[in-house]
Amino acid sequence: MAEVLVYVDHVDGAVRRPTLELLTLARRIGEPVAVALGSNAEKTASTLAGHGALRVLTHEASEYADYLVVPKVDALQAAVEAVSPAAVLIPSSAEGKEIAARLALRIGSGIITDAVDVEAGDEGPVATQSVFAASFTTTSRVSKGTPVITVKPNSAAVEAAPAVGAVEALNVSFSDQTTGTKVTSRTPRESTGRPELTEAAIVVSGGRGVNGVENFAIIEALADSLGAAVGASRAAVDAGWYPHTNQVGQTGKSVSPQLYIASGISGAIQHRAGMQTSKTIVAINKDAEAPIFELADYGVVGDLFDVVPALTEEVKTRKG
Amino acid sequence: MSQDFDLYRPSEEHNMLRDAIRSLAEAKIAPYAAAIDEEARFPQEALDALVANDLHAVHVPEEYGGAGADALATVIVIEEVARVCVSSSLIPAVNKLGSLPVILSGSEELKKKYMTPLAQGEGMFSYCLSEPDAGSDAAGMKTKAVRDGEDWILDGVKRWITNAGVSDYYTVMAVTDPTKRSKGISAFVVEKSDEGVSFGAPEKKLGIKGSPTREVYLDNVRIPADRMIGKEGTGFATAMQTLDHTRITIAAQALGVAQGALDYAKGYVQERKQFGKPIADFQGIQFMLADMAMKISAARALTYQAAAASERGDKDLTFQGAAAKCFASDVAMEVTTDAVQLLGGYGYTRDYPVERMMRDAKITQIYEGTNQVQRIVMARNLP
Amino acid sequence: MKYVPDATGDRHFADDLTVDRDDVDGLLSELDEYAVEQALQISENTGDDVEITALTIGPENAKDALRKALSMGADKAVHVEDDDLHGTDAIGTSLVLAKAIEKAGYDLVVSGMASTDGTMGVVPALVAERLGVPQVTLLSEVSVEDGTVKGRRDGDTATEYLEAQLPAIVSVTDQSGEARYPSFKGIMAAKKKPVISWDLSDLDIDAKEIGLEQAHTSVESAAQRPARATGTVVKDEGEGGKQLAEFLASQKFI
């Protein structure tokens, strides 16, 4: 069976969730060979093995931390040359897409970004994309070279699939371009203890209706009761009530969780663009005419200051 | 047919200017429009945004550090601001009204002294013509200016002064020769900081509540003689010449508020459903919208034409300006009233902007010469 | 003299895509305005004589985007236009941009960032790959001093400070600072600034290298998503929270 390269997104050996989703997709089209780079790469092996990785190619070098993007492209190019895979799957983070694009260019292949599904096809893997403004779903395939496909979070289930996960060293010789952009310092994002917004299965967002930075505590409480990530609309972020890193929408992040709860958000196109492909959408808003209700699977017209805490209580009670 | 036929359309540059101001107005002025009306407070945010982008007084000539914009560009600035907030549009409009006498008739030193800070956004200009007993009959004013050595001493009360208290500079008309009527009136620049200048309580108005309108009290204000604008006795002529140009800015305000009302109503009627469909589907509604749009189109043509005449200094400017102001303000009143009607009960509440637009539109039929006075002017200057 | 070309909105139409909201009629897209703004700030902060060139690929009305960049303060503009460009993908677009940038001459390229959703997000990286210069992308802060470009990149897991030697390709996000509005003076001055037009032959690109036919991907199908049907909407009369919890339980979220 053909092998499929899966780029591993990890922080010091802790594998991020979307990579595990990629393994599920990779298994549909071949045998997954994971590529893990940088500090503590080998530590990823057991997790990757548990989710289907046949082999785990690793390489540790300071370049991965010290220089932007290019070292990883060099490494993946080496992996492609070594493995001759049927496809390369990379998580659709901002960095992931840059790596994927440069790789595709180097190997003369086509690239598909932001796939929400990947299936095996007669002439190679077929990727499904949800075209922005989300009125269309397209299926596409790469017609030239080894398909490079980036996949959005929440596109597949994380499935336990015990496999060998044999660790092998990857031979990488870095290109001239590798040292182009130096990372002079890095400050890890403070962990809030909450799941990362684009990866979370549940997202609870607050908008203009929250009316103040202190009131976001209500949104956070609901999020925590559900083990969810917290999002914010552009209005809330522009007003300074929540950080831009949590912004959902056209100029923020795009999310597609299993459940999206919008509180005090009107649902203007700016915001809709960032969450309308969520599987289930719930809305709470004082205004019965708010456009968000057109999207919602369940909506409550009411004051979020009453409804959200009440919901949080109910959730806590039911969870015991 | 030729795409290059340039008559009867504003230039590319005018269109680009409109786009830029519309974006700015919607982002930085519109969000506060309801609040400044509700709270009857000065639109500081609008002033800051306009000054930051050099749009508060675009008419000031380049030699004094201004943008040197033509009359049509100035109209477009005022129109686009008025479209979202009429109170805010009084900033560029009255800056022009107050400073134009200096530009038209002032000495070079006077222009340099006052146009420079105006262009920098360091001081606004207001215009003091009317008095409690002298409105339409402006020449009947009583504020006097008496020569005393190297100075003039001004004493009297001016009424209905826009931005009084906020502006640093005031163009004041005063009687220097009581034996003559209009030929005995001179114009002066008075500064807020001059001793003896004080302001009355803000008027409680029907509309343009965000624009402070106050009396200006001149209690034996001593100013140096070089603050006179032009020669003694020419003040009234300067004032009338000024109005020839600035009536058009009122037309611009009227145009803007009418357009804003139409734009809002157009959107609303497509969303509002009654009897199973959007009310926009009903012919009665469509006819109302058609009439509103038609009137605005005519008002715009008249206003832009007058602006072009103002820029060139055409002989029939007096008529054109009066016609534009009279027509556009009447259109604004009709269109904004219709907009309220289209929104029905909702339009009657402060939750929607159209009632404010209707209240704001009314003043354009009154100030800078009531529409009755405009008719006098037009009749005297028939083309 | 330093040249700072500014790769602005390149447009490509694929047959089954609805037109992007931001991409109507060649308007300078909001995200590209940030690029122009940062280029202007870099120019204002650098003592030297800096020339800013706005560059775009697109049909005739893409000139409006260039005019806006000129009215904001760019010094000249380059418009790459050719019918054969229709349907070009990101890989092909990066080729055209790279050649145009080389022909225009540059020390620094500043580009906007599409939202993390769009393929446009990869074009700056591809251009860097082609030109063999450093990519310093997704910056919320950028500055240039003594031939070095520095910036801050706010990623998902960490904030990184980056540094590279010129020549380099930079992209900036909407967090990099509000873009200025064109002033009246700027608009009038733009009239006199040069706008140069190039087609594929000016760039030594064969039509075979770009366009729909050369796309490295093919679309198999396009299906209109069924509009989301409105679900249940209830009015809160004290039980809203409970009813919502019922719904979530029925969907197995709790």
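Small disclaimer: the values here were computed from a predicted structure and weren't measured. Every chain is numbered independently, its residues counted from 1 as its sequence is written. The naming scheme follows written order: chains are lettered A onward, ligands numbered 1 onward. Only residues with pLDDT of 70 or above have their local features reported here, since the model is predicted, and side-chain atom pairs are shown and tallied only from 80 upward, although totals for entire chains, interfaces and linings are computed over all residues. The side-chain figures draw on all heavy atoms in the structure; neither hydrogens nor water molecules are used.

Novice: Give me the lowdown on the overall build of chain A, citing residues and values where you can.
Specialist: Each helix is a run of DSSP H or I of at least 4 residues and each strand a run of E of at least 2, with the numbering of both proceeding from the N terminus. Within chain A, the secondary structure is distributed over 10 helices and 17 strands. In terms of C-alpha radius of gyration, chain A reaches 21 Å, essentially the compact-globule figure of 20 Å for 320 residues. Dimensions of chain A, computed from C-alpha atoms along their principal axes, come out at roughly 60 × 45 × 40 Å. Every one of the 320 residues in chain A was classed for burial, and the buried ones make up 62%. Nonlocal contacts in chain A, meaning residues at least 24 apart in sequence, comprise 65% of its contacts between residues at least 6 apart. Of the roughly 11400 Å² of accessible surface on chain A, 48% is carried by carbon and sulfur atoms. Counting 26 positive and 36 negative side-chain charges, chain A places the averaged centre of each group 2 Å from the other. Radius of gyration means the value over C-alpha atoms here, while the globule rule gives 2.2 Å times the residue count to the 0.38 power. Throughout, exposure labels follow a simple rule: accessible area from a 1.4 Å probe, protein chains only, divided by the maximum for the residue type, with under 20% read as buried, over 50% as exposed, and the rest as partly exposed. We call two residues contacting when some pair of their heavy atoms lies within 4.5 Å. For the area figures, the Shrake-Rupley method with a 1.4 Å probe applies, and any residue is considered shielded solely by the protein chains shown. In this tally Asp and Glu are treated as negative and Lys and Arg as positive; neither His nor the chain ends contributes. Lys charges are placed at NZ, Arg charges at CZ, Asp charges at CG and Glu charges at CD.

Novice: Describe the interface of chain A and chain C, and please don't skip the residues or the numbers.
Specialist: Listed as interface residues are 88 residues of chain A and, on the opposing side, 76 residues of chain C. Together, the buried faces of chain A and chain C total about 7100 Å²; carbon and sulfur atoms form 54% of this surface. The salt bridge definition used is simple: a Lys or Arg side-chain nitrogen within 4 Å of an Asp or Glu carboxyl oxygen. Viewed at the interface, chain C and chain A are joined by 7 salt bridges. For Lys242(C), the salt bridge goes to Glu314(A), with nearest N and O atoms at 4.0 Å. By convention, the term buried area covers the 1.4 Å-probe accessible surface removed from two parts as they join, with the contributions of both added.

Novice: Can you break down the interface of chain B and chain C residue by residue, with the values?
Specialist: Of the residues lining the interface, 18 residues belong to chain B; the matching set on chain C comes to 12 residues. Our count for the contact surface shared by chain B and chain C stands at 3 salt bridges. Between Lys28(B) and Glu178(C) there is a salt bridge, and its shortest N-O distance comes to 2.7 Å. Counting of polar contacts relies on pairs of N or O atoms within 3.5 Å, with two restrictions inside protein: one atom must be capable of donating a hydrogen and the other of accepting it, and residues adjacent in sequence are counted only when both atoms are side-chain atoms. The tally of links from chain B across to chain C stands at 2 residue pairs in polar contact (both at pLDDT 80 or more). Among the elements that take part in the side of chain B that touches chain C, helix 1 (residues 12–38) of chain B stands out by supplying 9 residues, more than any other. Here the side of chain B that touches chain C is built from residues that sort into 8 nonpolar, 5 polar and 5 charged. Residues are sorted three ways: Asp, Glu, Lys and Arg are charged, Ala, Val, Leu, Ile, Met, Phe, Trp, Tyr, Cys and Pro are nonpolar, and all the rest, Gly among them, are polar.

Novice: Tell me about the pairing of strand 15 (residues 259–263) of chain A, and please be specific about residues and values.
Specialist: For strand 15 of chain A, a buried count of 5 out of 5 residues is recorded, marking the element as mostly surrounded by other parts of the structure. Neither face of strand 15 of chain A is exposed, since Leu259(A), Ile261(A) and Ser263(A) on one face and Tyr260(A) and Ala262(A) on the opposite face are all buried.

Novice: Give a detailed account of the sheet that holds strand 6 (residues 148–154) of chain C, specifying residues and quantitative values.
Specialist: Criterion used throughout: strands pair if DSSP finds at least two bridges between them. The strand order 12(A)-7(C)-6(C)-5(C)-8(C)-4(C) describes an open sheet built from 6 strands, whose pairing is mixed. Edge positions in the sheet fall to strand 12 (181–188) of chain A together with strand 4 (108–112) of chain C, since each has one partner strand and no second. Strand-to-strand twist in this sheet, taken as the mean axis angle between neighbours without regard to direction, amounts to 35 degrees. Note that strand 4 of chain C and strand 8 (residues 168–172) of chain C share 5 bridges and pair parallel. Paired with Leu108(C) across the bridge in strand 8 of chain C is Ala168(C). Axis lines are fitted to C-alpha atoms, over the contacting stretch for helices. Their N-to-C directions set the angle, which ranges from 0 to 180 degrees.

Novice: Break down the packing of helix 6 (residues 235–271) of chain B against helix 8 (residues 317–347) of chain B for me, with residues and values.
Specialist: Residue and element names in this part refer to chain B. Contact geometry for helix 6 and helix 8: axes closest at 8 Å, N-to-C directions at 20 degrees. Judged by the inter-axis angle, helix 6 sits roughly parallel to helix 8. Here helix 6 and helix 8 pass one another in a crossing that is left-handed. Here the residues of the contact of helix 6 with helix 8 sort into 22 nonpolar, 5 polar and 3 charged. Roughly parallel refers to an angle under 35 degrees, roughly antiparallel to one over 145, roughly perpendicular to one between 65 and 115, and oblique to any angle outside these ranges. By definition, any crossing whose near helix is turned counterclockwise from its far helix by less than a right angle is left-handed, and any crossing with a clockwise turn is right-handed.

Novice: Describe the pattern of salt bridges, naming the residues involved and giving the relevant values.
Specialist: This structure, assessed with the given rule, holds 61 salt bridges over all chains. Its salt-bridge partner being Asp238(A), residue Arg234(A) comes within 3.4 Å of it at the nearest N-O pair. Placement of the pair is Arg234(A) and Asp238(A) together in helix 7 (residues 234–238), with a separation of 4 residues, close to one helical turn. A residue is classified by how much of its surface remains accessible, and Arg234(A), at 24% relative accessible area, is partly exposed. Across the pair Arg41(B) and Glu39(B) runs a salt bridge, and its minimum N-O distance is 3.1 Å. Residue classification places Arg41(B) among the partly exposed positions, given a relative accessible area of 24%.

Novice: Outline the domain arrangement of chain A, listing residues and values.
Specialist: In many analyses, interface size is given as the accessible surface area lost on bringing the parts together. All names here are of chain A. Domain parsing of chain A yields domain 1 (3–179) and domain 2 (202–319). Each domain's extent was defined by an automatic or database domain assignment. Each of domain 1 and domain 2 has a C-alpha centre, and the two are 32 Å apart. With 6 residues of domain 1 in contact, the opposing surface of domain 2 contributes 9 residues. Of the roughly 490 Å² buried between domain 1 and domain 2, counting both surfaces, carbon and sulfur atoms make up 53%. Linking domain 1 with domain 2 are 0 salt bridges. For the interface between domain 1 and domain 2, the tally reads 1 residue pair in polar contact (both at pLDDT 80 or more). Its residues assigned to classes, the side of domain 1 that touches domain 2 comprises 3 nonpolar, 2 polar and 1 charged.

Novice: Pulling in residues and values, what's your account of the sheet that holds strand 13 (residues 202–206) of chain A?
Specialist: Pairing is parallel across the open sheet formed by 6 strands, whose spatial order is 14(A)-13(A)-15(A)-16(A)-17(A)-11(C). Edge positions in the open sheet fall to strand 14 (229–232) of chain A together with strand 11 (232–235) of chain C, since each of these has one partner strand only. Within the sheet, the average angular offset between the axes of one strand and its neighbour, ignoring direction, is 15 degrees. Relative to strand 16 (residues 280–285) of chain A, strand 15 of chain A is paired through 5 bridges, and the arrangement is parallel. Bridged to Ala262(A) within strand 16 of chain A is Ala283(A). Packed on one face of the sheet, helix 10 (residues 304–319) of chain A meets strand 15, strand 16 and strand 17 (298–301) of chain A and runs near 135 degrees to strand 16 of chain A.

Novice: Explain a nonpolar patch on the surface to me, using residue names and the numbers behind them.
Specialist: Candidates for patches are residues over 30% relative accessible area with no salt bridge; among them, like charges are joined within 9 Å and nonpolar side chains (Val, Leu, Ile, Met, Phe, Trp, Tyr) within 5 Å. On the surface, a nonpolar cluster with roughly 460 Å² of combined accessible area is contributed by Phe5(B), Leu7(B) and Tyr8(B). Examined against the element boundaries, Phe5(B) turns out to sit in the segment before helix 1.

Novice: Lay out unusual backbone geometry with the relevant residues and their values.
Specialist: Between Leu166(C) and the following residue, Pro167(C), the backbone shows a cis peptide bond with an omega angle of 0 degrees. Of note, Pro167(C) is situated in the loop between strand 7 (158–165) and strand 8.

Novice: Before we move on, could you go through the packing of helix 8 of chain B against helix 9 (residues 354–362) of chain B and cite the residues and values that matter?
Specialist: Two packed helices can be described by the angle between their axes and the distance between those axes. All names here are of chain B. Contact geometry for helix 8 and helix 9: axes closest at 8 Å, N-to-C directions at 155 degrees. The angle between the axes of helix 8 and helix 9 places the two elements in the roughly antiparallel class. The element helix 8 and its partner helix 9 pack so that their crossing is left-handed. Judged by residue contacts, Ala332, Met333, Thr336, Thr337, Ala339, Val340, Leu343 and Gly347 of helix 8 engage Val354, Glu355, Met357, Met358, Ala361 and Lys362 from helix 9. When the residues that make up the contact of helix 8 with helix 9 are grouped by side-chain class, the tally is 9 nonpolar, 3 polar and 2 charged.

Novice: Account for the packing of aromatic side chains, naming residues and giving values.
Specialist: The geometry of an aromatic ring pair is captured by two quantities: the separation of the ring centres and the angle between the planes. Residues and elements named next belong to chain B. We call Phe, Tyr and Trp rings a pair once their centres come within 6.5 Å, taking the six-membered ring for Trp, and we label the pair stacked below 30 degrees between planes, edge-to-face above 60, and tilted otherwise. Taken as a whole and assessed by the stated rule, the structure comprises 12 aromatic pairs over all chains. An angle of 75 degrees between the planes, with centres 6.5 Å apart, marks the rings of tyrosine 264 and tyrosine 352 as edge-to-face. One end of the pair, tyrosine 264, is in helix 6; the other, tyrosine 352, is in the loop between helix 8 and helix 9, and 88 residues separate them in sequence. Consider the rings of tyrosine 268 and tyrosine 352, whose centres lie 6.2 Å apart with planes at 85 degrees: the pair is edge-to-face.

Novice: Got a sec to walk through helix 5 (residues 94–107) of chain A? Specific residues and values, please.
Specialist: Residues and elements named next belong to chain A. Compared with an ideal rise of 1.5 Å per residue, which puts 14 residues at 20 Å, helix 5 spans 20 Å between its outermost C-alpha atoms and is within 8% of the ideal. The buried count for helix 5 comes to 10 of 14 residues, which makes it a mostly enclosed element. For helix 5, the set of buried residues is Gly96, Lys97, Glu98, Ile99, Ala100, Ala101, Arg102, Leu103, Ala104 and Leu105. Downstream of helix 5 by one or two residues, glycine 108 has phi in the positive range, about 70 degrees. In a helix, the anticipated span is given by 1.5 Å times the number of residues less one.

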